[in-house]
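# Analysis of the macromolecular model
Read off the chains here:
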Amino acid sequence: MVPTTDLGLLDRSIAVLSEFAARIRCAPQDLAKERGAVLEELRMSRDSAGRLATAHWELLLQGSRYEDRLPIGLESVIRNVPAETIAAFYRKWYLPHRMAVVIVGDFPDTAAVADMIKQHLGPAFGTVAGDAAAPGPEVPLVLPESWQHKEPRFCVFADREAQDSALYMSWKVPSRPTATPAQYLEVMKDTIFMSCLNTRLYRLSRARNPPFFTAGISDESACGAVDMYVLGAACEERKTLRCVLFALRHCLADGISPHCYAGLCSLKADVFLQCFLIVGSRMCFY
(Lines give C-alpha, C1' and ligand atoms only; values in the text may rest on other atoms or scores of the structure.)
Protein backbone atom coordinates (compact mmCIF):
# COMPACT_ATOMS: atom_id res chain seq x y z
CA MET A 1 0.00 0.00 0.00
CA VAL A 2 1.55 3.29 -1.11
CA PRO A 3 0.29 6.90 -1.34
CA THR A 4 -1.33 7.77 -4.67
CA THR A 5 0.01 11.32 -4.46
CA ASP A 6 3.68 10.27 -4.65
CA LEU A 7 4.20 8.98 -8.20
CA GLY A 8 7.93 8.59 -7.61
CA LEU A 9 7.32 6.15 -4.77
CA LEU A 10 4.70 4.35 -6.84
CA ASP A 11 7.20 4.05 -9.71
CA ARG A 12 9.78 2.45 -7.40
CA SER A 13 7.12 0.12 -6.02
CA ILE A 14 6.16 -1.10 -9.48
CA ALA A 15 9.87 -1.61 -10.24
CA VAL A 16 10.13 -3.86 -7.17
CA LEU A 17 6.97 -5.68 -8.31
CA SER A 18 8.63 -6.38 -11.65
CA GLU A 19 11.53 -7.99 -9.82
CA PHE A 20 9.11 -10.24 -7.95
CA ALA A 21 7.49 -11.18 -11.27
CA ALA A 22 10.49 -12.02 -13.42
CA ARG A 23 13.84 -11.10 -11.92
CA ILE A 24 14.13 -13.32 -8.87
CA ARG A 25 17.69 -14.35 -8.03
CA CYS A 26 18.02 -17.84 -6.63
CA ALA A 27 21.66 -18.17 -5.72
CA PRO A 28 22.92 -20.88 -3.31
CA GLN A 29 23.68 -18.24 -0.66
CA ASP A 30 20.11 -16.93 -0.90
CA LEU A 31 18.67 -20.40 -0.46
CA ALA A 32 20.92 -21.10 2.52
CA LYS A 33 19.40 -18.11 4.35
CA GLU A 34 15.86 -19.37 3.77
CA ARG A 35 16.33 -22.99 4.79
CA GLY A 36 16.37 -22.15 8.48
CA ALA A 37 13.13 -20.14 8.27
CA VAL A 38 11.26 -22.94 6.49
CA LEU A 39 12.64 -25.57 8.86
CA GLU A 40 11.44 -23.50 11.80
CA GLU A 41 7.99 -23.27 10.23
CA LEU A 42 8.01 -27.06 9.84
CA ARG A 43 9.10 -27.50 13.47
CA MET A 44 6.29 -25.24 14.71
CA SER A 45 3.74 -27.39 12.87
CA ARG A 46 4.70 -30.50 14.83
CA ASP A 47 2.61 -29.70 17.88
CA SER A 48 -0.86 -31.07 18.63
CA ALA A 49 -2.64 -28.54 16.42
CA GLY A 50 -0.23 -29.23 13.57
CA ARG A 51 -0.73 -32.98 13.78
CA LEU A 52 -4.49 -32.47 13.78
CA ALA A 53 -4.26 -30.25 10.71
CA THR A 54 -2.12 -32.83 8.91
CA ALA A 55 -4.63 -35.61 9.63
CA HIS A 56 -7.46 -33.33 8.49
CA TRP A 57 -5.81 -32.47 5.16
CA GLU A 58 -4.73 -36.03 4.45
CA LEU A 59 -8.35 -37.14 4.82
CA LEU A 60 -9.69 -34.37 2.60
CA LEU A 61 -7.07 -34.76 -0.11
CA GLN A 62 -7.07 -38.52 -0.52
CA GLY A 63 -6.28 -39.45 -4.09
CA SER A 64 -3.94 -36.54 -4.70
CA ARG A 65 -0.22 -36.02 -4.16
CA TYR A 66 -1.06 -33.78 -1.19
CA GLU A 67 -2.08 -36.93 0.71
CA ASP A 68 1.56 -38.03 0.80
CA ARG A 69 3.27 -34.65 0.84
CA LEU A 70 1.82 -31.38 2.09
CA PRO A 71 2.93 -28.14 0.38
CA ILE A 72 5.68 -27.39 2.90
CA GLY A 73 7.47 -30.53 1.67
CA LEU A 74 9.80 -33.01 3.32
CA GLU A 75 12.52 -32.05 5.77
CA SER A 76 15.12 -33.90 3.70
CA VAL A 77 14.19 -31.84 0.63
CA ILE A 78 14.19 -28.54 2.54
CA ARG A 79 17.68 -29.26 3.87
CA ASN A 80 19.21 -30.49 0.61
CA VAL A 81 17.37 -29.16 -2.44
CA PRO A 82 19.83 -27.29 -4.70
CA ALA A 83 19.25 -23.74 -5.89
CA GLU A 84 19.13 -24.95 -9.50
CA THR A 85 15.99 -27.01 -8.76
CA ILE A 86 14.24 -24.02 -7.19
CA ALA A 87 15.20 -21.80 -10.13
CA ALA A 88 13.88 -24.40 -12.59
CA PHE A 89 10.55 -24.49 -10.75
CA TYR A 90 10.37 -20.71 -10.89
CA ARG A 91 11.05 -20.63 -14.63
CA LYS A 92 8.49 -23.37 -15.25
CA TRP A 93 5.55 -21.86 -13.37
CA TYR A 94 6.12 -18.10 -13.04
CA LEU A 95 5.11 -17.23 -16.59
CA PRO A 96 3.43 -14.04 -17.89
CA HIS A 97 0.18 -15.76 -18.86
CA ARG A 98 -0.24 -16.83 -15.22
CA MET A 99 0.22 -13.33 -13.84
CA ALA A 100 -2.01 -10.31 -13.51
CA VAL A 101 -1.19 -6.81 -12.29
CA VAL A 102 -3.98 -4.88 -10.58
CA ILE A 103 -3.26 -1.44 -9.14
CA VAL A 104 -6.19 0.25 -7.40
CA GLY A 105 -6.29 3.85 -6.23
CA ASP A 106 -7.64 7.33 -6.82
CA PHE A 107 -4.84 8.35 -9.18
CA PRO A 108 -4.65 11.90 -10.55
CA ASP A 109 -3.09 10.57 -13.78
CA THR A 110 -4.06 7.01 -14.69
CA ALA A 111 -2.17 7.18 -18.00
CA ALA A 112 1.09 7.81 -16.11
CA VAL A 113 0.43 4.74 -13.93
CA ALA A 114 -0.23 2.62 -17.02
CA ASP A 115 3.06 3.85 -18.52
CA MET A 116 4.91 2.81 -15.34
CA ILE A 117 3.46 -0.68 -15.61
CA LYS A 118 4.52 -0.97 -19.26
CA GLN A 119 7.97 0.47 -18.55
CA HIS A 120 8.83 -1.92 -15.71
CA LEU A 121 6.76 -5.04 -16.31
CA GLY A 122 6.82 -5.06 -20.11
CA PRO A 123 10.54 -5.83 -20.42
CA ALA A 124 10.39 -8.23 -17.48
CA PHE A 125 7.57 -10.25 -19.02
CA GLY A 126 9.26 -10.13 -22.40
CA THR A 127 12.41 -11.63 -20.91
CA VAL A 128 10.47 -14.44 -19.25
CA ALA A 129 8.53 -15.20 -22.44
CA GLY A 130 11.73 -15.22 -24.49
CA ASP A 131 13.54 -17.56 -22.10
CA ALA A 132 10.69 -20.08 -21.96
CA ALA A 133 11.32 -22.84 -24.49
CA ALA A 134 7.76 -24.14 -24.13
CA PRO A 135 4.73 -23.15 -22.06
CA GLY A 136 4.50 -24.90 -18.74
CA PRO A 137 1.76 -27.39 -17.88
CA GLU A 138 -1.65 -25.92 -17.20
CA VAL A 139 -3.11 -26.03 -13.70
CA PRO A 140 -6.29 -28.22 -13.61
CA LEU A 141 -9.42 -26.09 -13.60
CA VAL A 142 -11.88 -28.84 -12.64
CA LEU A 143 -12.26 -31.06 -9.61
CA PRO A 144 -10.04 -34.13 -10.15
CA GLU A 145 -12.01 -37.38 -10.32
CA SER A 146 -9.85 -38.95 -7.64
CA TRP A 147 -11.18 -36.42 -5.12
CA GLN A 148 -14.83 -37.16 -5.79
CA HIS A 149 -16.41 -39.75 -3.53
CA LYS A 150 -20.01 -40.77 -2.94
CA GLU A 151 -19.58 -41.91 0.65
CA PRO A 152 -18.54 -39.47 3.40
CA ARG A 153 -15.03 -39.81 4.73
CA PHE A 154 -14.36 -39.48 8.43
CA CYS A 155 -11.65 -40.00 10.98
CA VAL A 156 -11.24 -39.66 14.73
CA PHE A 157 -7.95 -38.08 15.74
CA ALA A 158 -6.72 -38.34 19.33
CA ASP A 159 -3.63 -36.64 20.68
CA ARG A 160 -2.55 -36.64 24.31
CA GLU A 161 -1.31 -33.04 23.99
CA ALA A 162 -4.64 -31.73 22.69
CA GLN A 163 -6.12 -29.12 25.02
CA ASP A 164 -9.72 -29.33 23.78
CA SER A 165 -12.06 -31.27 21.52
CA ALA A 166 -13.28 -30.10 18.13
CA LEU A 167 -15.51 -31.21 15.29
CA TYR A 168 -14.87 -30.33 11.65
CA MET A 169 -17.06 -31.01 8.61
CA SER A 170 -15.88 -30.09 5.12
CA TRP A 171 -17.74 -30.04 1.82
CA LYS A 172 -15.54 -29.98 -1.30
CA VAL A 173 -16.75 -28.21 -4.43
CA PRO A 174 -15.12 -27.11 -7.70
CA SER A 175 -13.45 -23.72 -7.37
CA ARG A 176 -15.82 -20.81 -7.91
CA PRO A 177 -14.57 -18.16 -10.33
CA THR A 178 -15.45 -14.50 -9.83
CA ALA A 179 -14.62 -13.16 -13.28
CA THR A 180 -18.13 -11.86 -14.03
CA PRO A 181 -20.82 -10.01 -12.03
CA ALA A 182 -23.03 -13.12 -12.19
CA GLN A 183 -20.28 -15.28 -10.69
CA TYR A 184 -19.61 -12.71 -7.98
CA LEU A 185 -23.34 -12.70 -7.18
CA GLU A 186 -23.22 -16.45 -6.53
CA VAL A 187 -20.29 -15.99 -4.16
CA MET A 188 -22.20 -13.24 -2.34
CA LYS A 189 -25.17 -15.59 -1.94
CA ASP A 190 -22.87 -18.12 -0.29
CA THR A 191 -21.47 -15.40 1.97
CA ILE A 192 -24.93 -14.30 3.10
CA PHE A 193 -26.01 -17.89 3.77
CA MET A 194 -22.89 -18.60 5.85
CA SER A 195 -23.39 -15.39 7.81
CA CYS A 196 -26.98 -16.38 8.57
CA LEU A 197 -25.94 -19.87 9.69
CA ASN A 198 -23.17 -18.43 11.86
CA THR A 199 -25.73 -16.19 13.56
CA ARG A 200 -27.86 -19.21 14.43
CA LEU A 201 -24.86 -21.17 15.64
CA TYR A 202 -23.86 -18.26 17.86
CA ARG A 203 -27.33 -18.17 19.41
CA LEU A 204 -27.09 -21.89 20.14
CA SER A 205 -23.73 -21.36 21.84
CA ARG A 206 -25.32 -18.78 24.17
CA ALA A 207 -28.08 -21.12 25.40
CA ARG A 208 -28.26 -22.26 29.01
CA ASN A 209 -26.85 -25.71 28.17
CA PRO A 210 -25.13 -25.19 24.81
CA PRO A 211 -24.18 -28.21 22.67
CA PHE A 212 -20.83 -26.57 21.87
CA PHE A 213 -18.67 -23.70 23.05
CA THR A 214 -18.30 -22.03 19.67
CA ALA A 215 -19.16 -22.99 16.10
CA GLY A 216 -19.00 -21.41 12.67
CA ILE A 217 -18.83 -22.06 8.95
CA SER A 218 -16.48 -20.48 6.41
CA ASP A 219 -15.21 -21.13 2.91
CA GLU A 220 -11.61 -21.59 1.88
CA SER A 221 -9.57 -22.71 -1.07
CA ALA A 222 -7.95 -26.14 -0.83
CA CYS A 223 -6.03 -25.62 -4.08
CA GLY A 224 -6.51 -23.99 -7.47
CA ALA A 225 -9.22 -26.46 -8.47
CA VAL A 226 -11.06 -27.07 -5.21
CA ASP A 227 -12.93 -24.86 -2.75
CA MET A 228 -14.35 -26.05 0.56
CA TYR A 229 -17.04 -25.11 3.04
CA VAL A 230 -15.75 -25.90 6.52
CA LEU A 231 -17.99 -26.06 9.57
CA GLY A 232 -16.10 -26.28 12.85
CA ALA A 233 -17.19 -26.48 16.46
CA ALA A 234 -15.30 -26.47 19.74
CA CYS A 235 -17.22 -29.01 21.76
CA GLU A 236 -17.30 -31.42 24.64
CA GLU A 237 -20.55 -33.38 24.33
CA ARG A 238 -21.32 -36.13 21.85
CA LYS A 239 -24.55 -34.40 20.82
CA THR A 240 -22.58 -31.67 19.03
CA LEU A 241 -22.69 -33.29 15.57
CA ARG A 242 -26.46 -33.80 15.68
CA CYS A 243 -27.07 -30.25 16.88
CA VAL A 244 -24.81 -28.65 14.26
CA LEU A 245 -26.45 -30.64 11.46
CA PHE A 246 -29.88 -29.69 12.78
CA ALA A 247 -28.95 -26.01 12.68
CA LEU A 248 -27.73 -26.42 9.09
CA ARG A 249 -30.91 -28.24 8.06
CA HIS A 250 -33.03 -25.61 9.79
CA CYS A 251 -31.27 -22.85 7.89
CA LEU A 252 -31.67 -24.66 4.55
CA ALA A 253 -35.35 -25.45 5.15
CA ASP A 254 -36.48 -22.09 6.51
CA GLY A 255 -34.21 -19.81 4.53
CA ILE A 256 -33.13 -16.39 5.75
CA SER A 257 -35.55 -14.22 7.67
CA PRO A 258 -36.08 -10.59 6.51
CA HIS A 259 -34.60 -9.35 9.78
CA CYS A 260 -31.43 -11.42 9.39
CA TYR A 261 -31.11 -10.46 5.72
CA ALA A 262 -31.44 -6.74 6.53
CA GLY A 263 -28.71 -7.03 9.14
CA LEU A 264 -26.38 -8.81 6.74
CA CYS A 265 -26.96 -6.20 4.03
CA SER A 266 -26.11 -3.49 6.54
CA LEU A 267 -22.91 -5.32 7.43
CA LYS A 268 -21.89 -5.58 3.77
CA ALA A 269 -22.62 -1.89 3.31
CA ASP A 270 -20.20 -1.14 6.14
CA VAL A 271 -17.52 -3.18 4.35
CA PHE A 272 -17.99 -1.19 1.14
CA LEU A 273 -17.88 2.03 3.17
CA GLN A 274 -14.51 1.03 4.61
CA CYS A 275 -13.24 0.54 1.05
CA PHE A 276 -14.28 4.08 0.17
CA LEU A 277 -12.60 5.39 3.31
CA ILE A 278 -9.36 3.67 2.26
CA VAL A 279 -9.61 5.29 -1.17
CA GLY A 280 -10.29 8.62 0.53
CA SER A 281 -7.01 8.28 2.43
CA ARG A 282 -5.18 8.59 -0.92
CA MET A 283 -3.57 5.18 -0.72
CA CYS A 284 -3.43 2.47 -3.38
CA PHE A 285 -3.07 -1.30 -3.38
CA TYR A 286 -1.10 -3.36 -5.87
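About the criteria used
- Residues numbered from 1 in each chain as written.
- Predicted model: local features only at pLDDT ≥ 70, side-chain atom pairs only at ≥ 80, totals over all residues.
- Heavy atoms only, no water.
- Patch = residues over 30% accessible without salt bridge, like charges linked within 9 Å, V, L, I, M, F, W, Y side chains within 5 Å.
- Areas by Shrake-Rupley, 256 points an atom, 1.4 Å probe, with all protein chains shown as cover.
- Salt bridge = Lys/Arg side-chain N within 4 Å of Asp/Glu carboxyl O.
- Helix = DSSP H or I, 4+ residues; strand = E, 2+ residues; numbered from the N terminus.
- Buried < 20%, exposed > 50% of the residue type's maximum accessible area, 1.4 Å probe, protein only.
- Expected span 1.5 Å × (residues − 1).
- Polar contact = N/O pair within 3.5 Å; in protein donor to acceptor, adjacent residues only side chain to side chain.
- Contact = heavy atoms within 4.5 Å.

Turning to a nonpolar patch on the surface, a few remarks are in order. There is a patch of nonpolar side chains on the surface, built from V16, F20 and I24 and spanning about 280 Å² of accessible area. Positionally, V16 belongs in helix 1 (residues 7-22). In this structure V16 comes out as partly exposed when scored by relative accessible area, which is 37%.

Another aspect to go through is helix 7 (residues 181-205). Taking 1.5 Å of rise per residue, 25 residues should cover 36 Å, and helix 7 covers 36 Å from first to last C-alpha, within 8% of that figure. Three or more residues of helix 7 are buried, namely V187, M188, T191, I192, M194, S195, C196, L197, R200, L201 and S205.

In this section: the environment of I103. Note on placement: I103 falls in the loop between helix 5 (83-93) and helix 6 (110-131). By relative accessible area, which is 17% here, I103 ends up buried. Taking C-alpha positions, I103 is 8.6 Å from V113, a pair spaced ten residues apart along the chain.

Right, let's get into the pattern of salt bridges. Summed over all chains, the structure comprises ten salt bridges. For R25, the salt bridge goes to D30, with nearest N and O atoms at 2.8 Å. The salt bridge involving E161 is made with R51; its shortest N-O contact spans 3.1 Å. Highlighted residues: E161 in the loop between helix 6 and strand 2 (165-174) and R51 in helix 3 (residues 48-60), separated in sequence by 110 residues. Residue classification places E161 among the partly exposed residues on the basis of a relative accessible area of 48%. By relative accessible area, R51 is classed as partly exposed at 30%. Three or more residues are tied together by salt bridges with common partners; here these are R176, D190, D219 and D227.

Moving on: the side chain of S205. By the secondary structure assignment, S205 is in helix 7. Here the side chain of S205 touches Y202 through a polar contact of 2.6 Å, landing on its backbone oxygen. Setting aside its immediate chain neighbours within four residues, S205 contacts P210, F212 and F213.

Looking at the secondary structure, you find M116 in helix 6. Residues M116 and L7, spaced 109 residues apart in sequence, show a C-alpha to C-alpha distance of 9.5 Å. Discounting residues that sit within four places of it in the chain, M116 has contacts with L7, L10, D11 and I14.

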